[in-house]
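This is what each chain is made of:
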Amino acid sequence: MFQRKINSFIGFSGIFLFLQTSCADANIKKPDLALPVQSQAVHVSGDQTQIPAQEVERPPSIPEAGNYGLNEIALNPSRYDWHDMDQFYREEMPRHKGMPYYENLQAEFFALLVKAHHFLEKADQASIAFYAEELMAREYFLDYKITQSFFRALSGYWEADKIKAFAKEEYQKNQAFIEQHYADQPEVQAERKETLRTFLQPFM
């Protein structure tokens, strides 16, 4: 059903070009998980920290054959909105569960949903809560700015204790990831832990 709505396919490199331009405008880098093998520097503003790029293990990248229609939505925000993203997630994403690139594809989806389609400003809170729980179900998620934005959007909708519990869980999962993957780089590990703390501690 969804694929019939997609009339053209744009090369896979386009999504990275889109994210580089749109995310640069917002002073936010693409999520670490959206990239294969090499992590990217985390660039944030205000009270947020910049961290140098380091080599760490990542899930396999999305096949270069395409990103299954996500490009079409991302590069045409005047034609598509968060409802189309929601339809893509519910109809197309389940077909890729279990594939080695699924985590990367899902991370790309979250970045586009929040940054390109302004989901948190436009969607109803029940839909926001659904995607918050999808995000929290991941083993780890390195774009702490997105996680923080979900918590802020759900303040007043979720009980404070629920947000606190989710924030603690996210903090623990991501801290474990940092400790595992930066064990031999103490300075980088300390910087990443501080960034994680900056984003999530206010909710814990």
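Since we're looking at a predicted model, the values are computed, not measured. (Residues numbered from 1 in each chain as written. Predicted model: local features only at pLDDT ≥ 70, side-chain atom pairs only at ≥ 80, totals over all residues. Heavy atoms only, no water.)

### Concerning the overall build of the protein
Scanning the protein for helices and strands turns up 10 helices and 0 strands. Ordered by position from N to C terminus, the α and β elements of the protein give α-α-α-α-α-α-α-α-α-α. In the protein, buried positions account for 54% of the 204 residues. Expressed as a percentage of contacts within the protein between residues at least 6 apart in sequence, the contacts between residues at least 24 apart total 69%. In the form shown here, the protein has an accessible surface area of approximately 9,700 Å², with 49% of it arising from carbon and sulfur atoms. (Helix = DSSP H or I, 4+ residues; strand = E, 2+ residues; numbered from the N terminus. Buried < 20%, exposed > 50% of the residue type's maximum accessible area, 1.4 Å probe, protein only. Contact = heavy atoms within 4.5 Å. Areas by Shrake-Rupley, 256 points an atom, 1.4 Å probe, with all protein chains shown as cover.)

### What about the side chain of S127?
Note on placement: S127 falls in helix 7 (residues 125–136). Judged by relative accessible area, S127 falls into the buried class, the value being 12%. Excluding residues within four positions of it along the chain, S127 makes contact with W82 and F119.

### Concerning the nonpolar core
Core analysis: the largest hydrophobic core is formed by 50 residues, its most contacted members being F109, F119, I128, Y131, F150 and F151. At the level of elements, helix 3 (70–74), helix 4 (82–91), helix 5 (102–116), helix 6 (119–122), helix 7, helix 8 (144–154), helix 9 (160–181) and helix 10 (186–200) are the ones that each hand at least two residues to this core. Residue contributions to this core peak at 9 residues, all from helix 5. Dropping the residues within four chain positions of it, F151 is found in contact with M136, I163, F166, A167, E170, L200 and F203. (Core = buried A, V, L, I, M, F, W, Y, C linked by side-chain atoms within 4.5 Å.)

### Some remarks on unusual backbone geometry
One non-glycine residue with positive phi stands out, namely H118, at about 50°. Tracing the sequence through the fold places H118 in the loop between helix 5 and helix 6. Its relative accessible area of 39% is what places H118 among the partly exposed residues.

### Some thoughts on helix 10
Here helix 10 contains 15 residues, and its C-alpha end-to-end distance of 21 Å stays within 8% of the 21 Å for a straight helix at 1.5 Å per residue. Here helix 10 has its buried residues at V188, Q189, R192, K193, T195, L196, F199 and L200. Projected onto a plane normal to the axis of helix 10, the buried residues spread over an arc of 160° and lie on a single side. Of the exposed residues in helix 10, those oriented more than 90 degrees away from the buried face are P186 and E187. (Expected span 1.5 Å × (residues − 1). Arc of directions from axis to C-beta.)

### Some points on the environment of E194
Its location among the elements puts E194 in helix 10. When the C-alpha atoms of E194 and Q175 are compared, they prove to be 9.9 Å apart, with 19 residues separating the residues in sequence.

### Focus on the pattern of salt bridges
Scanning all chains against the criterion turns up 8 salt bridges. A salt bridge links K162 to E133; its shortest N-O distance comes to 3.3 Å. One end of the pair, K162, is in helix 9; the other, E133, is in helix 7, with 29 residues separating them in the sequence. Note on K162: relative accessible area 31%, which makes it partly exposed. (Salt bridge = Lys/Arg side-chain N within 4 Å of Asp/Glu carboxyl O.)

### Re helix 8
The buried count for helix 8 comes to 10 of 11 residues, which makes it a mostly enclosed element. Listed in full, the buried residues belonging to helix 8 are Y144, K145, I146, T147, Q148, S149, F150, F151, A153 and L154. Close packing links the buried residues of helix 8 with helix 5, helix 6, helix 7, helix 9 and helix 10. Trailing helix 8 by a residue or two, G156 shows a phi angle of about 95°, which is positive.

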